[in-house]
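A closer look at the structure
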Amino acid sequence: MIFNYDNKTLQVKIVYYGPAMSGKTTSIKSLFSFFNKEHTVKSIDSSVGRTLFFDFGVLHFEGAEWGLKFLIYSATGQDFYASTRPATLNGVDGLIFVVDPQIECLEYNRRSWNELKTLFGSNFYNIPIVISLNKCDIFEKKNLEIDDFLSYIDYHRFRHISLKKTIAINGKGVLDSFNELIRFIFPQLNINLSINN
Ligand SMILES: Nc1nc2c(ncn2[C@@H]2O[C@H](COP(=O)(O)OP(=O)(O)OP(=O)(O)O)[C@@H](O)[C@H]2O)c(=O)[nH]1
Ligand SMILES: [Mg+2]
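Residues numbered from 1 in each chain as written. Chains lettered and ligands numbered in written order. Predicted model: local features only at pLDDT ≥ 70, side-chain atom pairs only at ≥ 80, totals over all residues.

Ligand 1 sits among 21 residues. The nearest are G23, T25, T26, T51 and G77. Breaking the shell around ligand 1 down by element, the ones donating at least two residues are α1 (24-33) and α4 (136-139). At three residues, the largest contribution of residues to the shell around ligand 1 is made by α1. For the shell around ligand 1, the class distribution of residues is six nonpolar, eleven polar and four charged. (Near = placed C-beta within 6 Å. Helix = DSSP H or I, 4+ residues; strand = E, 2+ residues; numbered from the N terminus. Nonpolar A, V, L, I, M, F, W, Y, C, P; charged D, E, K, R; others polar.)

In structure tokens, the structure reads:
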């Protein structure tokens, strides 16, 4: 988090993280579309739409005295580009961990989570996290697996964590997840970004 006293702006970094193809890019684009800013998201991706390095976009909100600037990234889930992920995470203030709930993806979700754990060490449990259980339109029935995942990750050790169901392709739960993360990052503020902002 960076306080810029010159232009009275508070800069916050948020990263969408998770295994390949879980829906990180779709989530970011969906979030930005709530603010009619989808076209401002910069993606470095391959010809088939897979993220090579990261997606990046900025959401800026003016308060009475201070402005809030969210720098929003998604890390690539492709392991071929895994070496880029620590750079994307550098200085992060909050994470949205996008889970792919297909049973066969459980191991990929775990692996991606363990990567974060290794990178952040003991500080991991202090980072505000919203787990986005994505693709709920097609995998609703397989939610039982998520209990396994939650106990695997030591859910209760975190200071600020919650689980939200999302459908990134139609935006369901996406803004709600983002708002939840902001509330975690600024527990003392009453911030709730609505679609009319
Ligand atoms: N049915 C359904 N499909 C989704 C949902 N979210 C994403 N997808 C699809 O899943 C595929 C992967 O989505 P991306 O957003 O590119 O995934 P990603 O996590 O950015 O993938 P990488 O950049 O490769 O790590 C795309 O075909 C999306 O349309 C969802 O909520 N429901
Ligand atoms: Mg992507």
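A few words now on the nonpolar core. Nonpolar side chains tend to gather and get buried jointly when the protein is soluble and globular. If you look at the biggest cluster of nonpolar residues, it comprises 36 residues, and the most contacted ones within it are V15, L95, I96 and F97. Elements that contribute at least two residues to this core include exactly β2 (9-17), α1, β4 (51-62), β5 (67-75), β6 (94-99), α3 (106-120), β7 (129-133) and α6 (174-185). Non-local contacts of L95, meaning those with residues more than four positions away in its chain, are made with V15, Y17, I127 and I129. (Core = buried A, V, L, I, M, F, W, Y, C linked by C-beta atoms within 7 Å. Buried ≥ 20, exposed ≤ 12 C-beta atoms within 10 Å, placed from the backbone. Contact = placed C-beta atoms within 7 Å.)

Let's shift gears to unusual backbone geometry. We note that N36 has phi near 55°; this positive angle belongs to a residue other than glycine. Even without a glycine there, the phi angle at K135 is positive, about 60°. For K135, the position within the fold is in the loop between β7 and α4.

Within the secondary structure, S177 is located in helix α6. For the pair S177 and E38, spaced 139 residues apart in sequence, the C-alpha separation works out to 17 Å.

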